[in-house]
Amino acid sequence: MTKHMKSAEALPLNTILAGDCIDVMNALPANSVDLIFADPPYNLQLKGELHRPDNSKVDAVDDHWDQFSSFKAYDDFTNAWLKAARRLLKPNGAIWVIGSYHNIFRVGAALQDQGYWILNDVVWRKSNPMPNFRGKRFTNAHETMIWAGKEESSKYTFNYEALKSLNEGIQMRSDWVLPICNGHERLKNKDGEKAHPTQKPHSLLHRVLVGSTNPGDVVLDPFFGTGTTGAVAKMLGREYIGIEREAEYREVAEKRIADVRKFDREALQVSASKRAEPRVPFGQLVERGMLRPGEELYSLNQRHKAKVRADGTLIGDDIKGSIHQVGAHLEGAPSCNGWTYWCYKKDGKKVPIDLLRQQIRAEMIN
């Protein structure tokens, strides 16, 4: 649904706002958005038409919205929309900005000048890039995304384990190999032509939103285009706000998003970091009688044992302290995760104490 923003009384969730992004953002409530994904004009500075070797014309980005009179004009525009965007972000909010070599370095400097804290630059390496038809430069096979917190102290969202799961159990790197839009994903207008020259692929936004937002978060896209951000946000159970001044793009985006089905609640859950799980003190196992004072614990490597005390500490031959301290001392190691180091005996079998912690966590969540 398209709206024309008039006041900042309420946050217009799951709508596409018509108008200039700076004016619209300045009319929205401050500190109200969890994440901003921005795909601003690249200021490509194209000179004339671009043709293939067979002399056919390339449908390049030559739209009026990508044209600026000078670098200063582009910098002024960049500083204005970044200032408006930063006002909207919650204290722990973050922003992603994508660009090419034409603009991303200027945008990066502006981000730092305005107080954003850069977390990563991510290279989107295109597995199927458009060739360089003139043959005078390298093929432009990547774009750069900058991920930044609102400020240095922002406790931004980073779903490390979820991204690791997306990458078959391997830590996600800062170079992402993903295809550009083509085939069935490429949206067409009523004339059968590309609806937008720089439509971003679904896979790119999926990775961004899974990695840096949670279900229910508010995601704003000030350069909404044909609505990839909104479509993926809706599917993943995030709230979205789009801003787009071009009526033809809004029309395509509205139809596209209306056809998106939101995932069910169970499907929206992602792998969480162990650090994000509820904290359970070892002493709670003793308080609840899951382990008794005087009961012996055994190291999984079967080399050491220690006795549980009433206050939730352990005592060994020549050491007493927490499950972590005692384990580290016995192993002669600088540190030790006592939860994965110790086990207890039940029916003659050794059982990791971490199973008891998981039992308590399950009760806390449910």
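Just so it is clear, the structure is predicted and the values come from calculations on it, not from any experiment. (Residues numbered from 1 in each chain as written. Predicted model: local features only at pLDDT ≥ 70, side-chain atom pairs only at ≥ 80, totals over all residues. Heavy atoms only, no water.)

## Remarks on the overall build of the protein
Scanning the protein from terminus to terminus reveals twelve helices and 15 strands. The buried share among the 366 residues of the protein stands at 46%. Put simply, of all contacts in the protein between residues at least 6 apart along the chain, 67% involve residues at least 24 apart. (Helix = DSSP H or I, 4+ residues; strand = E, 2+ residues; numbered from the N terminus. Buried < 20%, exposed > 50% of the residue type's maximum accessible area, 1.4 Å probe, protein only. Contact = heavy atoms within 4.5 Å.)

## Thoughts on the nonpolar core
Ranked by internal contacts, the top residues of the largest apolar core, which has 35 residues, are W96, M145, W176, L204, V208 and L209. Per-element accounting of this core gives the leading share, five residues, to helix α5 (residues 202–212). Not counting chain neighbours up to four residues away, the residues in contact with W96 comprise L35, I36, F37, A38, V122, M145, I146, W147, W176, V208 and S212. Counting 31 residues, the second-largest nonpolar core is a separate cluster that includes I22, M25, A38 and I146. (Core = buried A, V, L, I, M, F, W, Y, C linked by side-chain atoms within 4.5 Å.)

## So, the pairing of strand β2 (residues 15–18)
The alternating pattern of β2 places T15 and L17 on one face and I16 and A18 on the opposite face, and all of these are buried. Here β2 pairs with strand β9 (residues 239–244) via four bridges, running parallel. Among the inter-strand pairings, A18 is bridged to a residue of β9, identified as E244. (Pairing = 2+ DSSP bridges.)

## Concerning the pattern of salt bridges
This model, assessed by the stated rule, comprises twelve salt bridges. One salt bridge connects D354 with R357, and the closest N-O pair in it is separated by 2.7 Å. Note that D354 and R357 are positioned in helix α12 (residues 354–365) at a spacing of three residues, about one turn of the helix. Across the pair, exposure class does not vary: D354 and R357 are buried alike. (Salt bridge = Lys/Arg side-chain N within 4 Å of Asp/Glu carboxyl O.)

## Examining the pairing of strand β15 (residues 349–352)
Walk down a regular strand and you will see the side chains alternate between the two sheet faces. Relative to β15, strand β14 (residues 342–346) runs antiparallel, the two sharing four bridges. If you follow C343 over to β15, its bridge partner there is P352. Between β14 and the antiparallel strand that follows it, β15, lie two residues; D347 among them carries a positive phi value of about 55°.

## A closer look at helix α10 (residues 323–331)
The periodicity of an α-helix, 3.6 residues per turn, causes residues three or four places apart in sequence to face the same way. Every buried residue belonging to α10 is among I323, V326, G327, A328 and L330, and all of these are buried. The elements touched by buried residues of α10 are α9 (282–287), β11 (305–308), β12 (314–315), β13 (320–321), α11 (338–341) and β14. One or two positions beyond α10, positive phi appears at G332, with a value near 65°.

## Regarding the confidence of the model for the protein
Per-residue pLDDT for the protein averages 87, and the proportion of residues at 70 or more is 89%. Counting interchain partners and residues more than four positions distant, the pLDDT-below-50 stretch residues 46–53 has 17 contacts. Segment residues 56–61 is flagged for pLDDT under 50; beyond a separation of four residues in sequence, or across chains, it makes 17 contacts in the model. (pLDDT = per-residue confidence, 0-100.)

## Digging into the packing of aromatic side chains
For any two aromatic rings, the description comes down to two numbers: the centre-to-centre distance and the angle of the planes. Applying the stated criterion across every chain yields a total of eleven aromatic pairs. For the pair W147 and Y156, a centre-to-centre distance of 5.3 Å together with 85° between the ring planes defines the contact as edge-to-face. Taking the relative accessible area as the measure of exposure, W147 reaches 5% and is therefore buried. Members of the aromatic cluster, each reached through a chain of ring pairs, are W96, W147, Y156, F158, Y160 and W176. (Phe/Tyr/Trp six-rings, centres within 6.5 Å; stacked < 30°, edge-to-face > 60°.)

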